[in-house]
Amino acid sequence: MNLFEVYPLFDIMPVKAEGSHVWDKNGTRYLDLYGGHAVISVGHSHPHYVQRITEQVQKIGFYSNSVQNPLQVELADKLGEISNYSDFDLFLCNSGAEANENALKLASFHTGRKKVVSFRKGFHGRTEGAVVITDNPSVIAPINETENVIFLPLNDSKALKEALGQEDVCAVIVEGIQGIGGIHLPTDEFLQDARQFCDETGTILILDEIQSGYGRSGKFFAHQYAGIEADLIPIAKGMGNGFPIGGVLISPKFEARMGMLGTTFGGNHLACVAGLAVLEIMKDEDLIQNAQEIGTLLMQSLAGLKGIKEIRGRGLMIGIELEEPFREIRNELLNEHQIFTGASSDGHTLRLLPALNLSRENAEFFIEKFKLVLNK
Ligand SMILES: Cc1ncc(COP(=O)(O)O)c(C=O)c1O
């Protein structure tokens, strides 16, 4: 059997990883500033993470959601505390798309409405509900097509107010910082307006923090810069540092009913300890603070370099918009200097999404090599 070929692949086979580095099968070391799509949050193979998962699998790795699992309760407690959302509930699932799917269902159950407002350049996943609110027609199959989604330009408060005016929209969904679209930030004022318009019209505000959450922005959630609270917050990626886990933080305004949501694998023992280990490391090693500091250092060092049009981002979620398409520069960083960076859908913006414990030394190494590539 062949693999179904949907991914363009680099000719690199990583076999080992530690911290912010991966090694390929030839022993070549790479600096990882991408974390496999913003997934590696506390660093590859962190000893505490490895120990927690190893010890757990020796006891029990999985049982279904029909039995008591105190690890889920502990994860919800720790997550509530670190995120400042301790009065919210947690539903656990396995991926980002699934988290958004469940958030959309909750919003629709709660309001009895069907329409969703989403934003240009946004990405929310590839399953039925998530893909139709994603601004990329090439990944929407005919079976997914719907009239229920309204795409608006990001940061256009007037258009948002108008769209919600009929009081027939169940949810507004926005990324804390748009990722794949090229690192675009909703302004604080726009998020405050969105909060107000949603309250006035009985609409649910969903903050997709799947990429921008979990400390990456220098706050636990990127939308916390705007001083607002969301109603639903889908999370995944950095939550498990590579172990598949996702979730939705759910406002107390939602009432649970038996069977309303469900999953076979979500919240299993191994996933929960992966999630717990991530939060323990983040707290013990002050990683949100580090993301803030190293992110600022990177953005200041990048500002004004030759060939750069704009730097956008917060913390360790950084977009470098180049004057030229990024393709050659990205390949050169990888092949000549062994540095992984991320692409984005606009063709010009490189994304930096390293582990939150990226060191100053590794950040400076990148700047040095990047200057060489830009000045070539
Ligand atoms: C903002 C955002 N939402 C949702 C998703 C989908 O997550 P997953 O690939 O885990 O389904 C992604 C993935 O890149 C994302 O960046």
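What you see is a predicted model; the values in this text were computed from it and never measured.

Topic: the pairing of strand β14 (residues 349–352)
The alternating pattern of β14 places T349 and R351 and L350 and L352 on opposite faces, both of which are buried. Where strand β12 (residues 317–322) lies against β14, four bridges are found, and the strand directions are antiparallel. Bridge pairing links I318 to L352 in β14.

Some words on the site of the ligand
What surrounds the ligand is a group of 15 residues, the closest being G96, A97, G125, I210 and Q211. With three residues, helix α4 (residues 96–111) is the largest single contributor of residues to the shell around the ligand. Its residues placed into classes, the shell around the ligand shows five nonpolar, eight polar and two charged.

Observations regarding unusual backbone geometry
The backbone phi angle of A38 is positive, close to 65°, even though this residue is not glycine. Here A38 lies in helix α1 (residues 35–38). Here K121, not a glycine, exhibits a phi torsion of approximately 70°, which is positive. The topology assignment puts K121 in the loop between β5 (115–119) and α5 (128–132).

Re the domain arrangement of the protein
Interface extent is often summarised as the accessible area lost during association of the parts. Under the domain assignment used here, the protein contains domain 1 (14–46 + 287–374) and domain 2 (47–284). Distance between the C-alpha centres of domain 1 and domain 2: 25 Å. Listed per partner, the contact involves 27 residues of domain 1 and 29 residues of domain 2. Listing elements by their share of the side of domain 1 that touches domain 2, those giving two or more residues are α9 (287–302), β11 (308–314), β12 and β14. In terms of residue count, α9 provides more of the side of domain 1 that touches domain 2 than any other element does, five residues in total.

Basis of the calculations
- Residues numbered from 1 in each chain as written.
- Predicted model: local features only at pLDDT ≥ 70, side-chain atom pairs only at ≥ 80, totals over all residues.
- Buried ≥ 20, exposed ≤ 12 C-beta atoms within 10 Å, placed from the backbone.
- Helix = DSSP H or I, 4+ residues; strand = E, 2+ residues; numbered from the N terminus.
- Pairing = 2+ DSSP bridges.
- Near = placed C-beta within 6 Å.
- Nonpolar A, V, L, I, M, F, W, Y, C, P; charged D, E, K, R; others polar.
- Domains from an automatic or database assignment.
- Contact = placed C-beta atoms within 7 Å.

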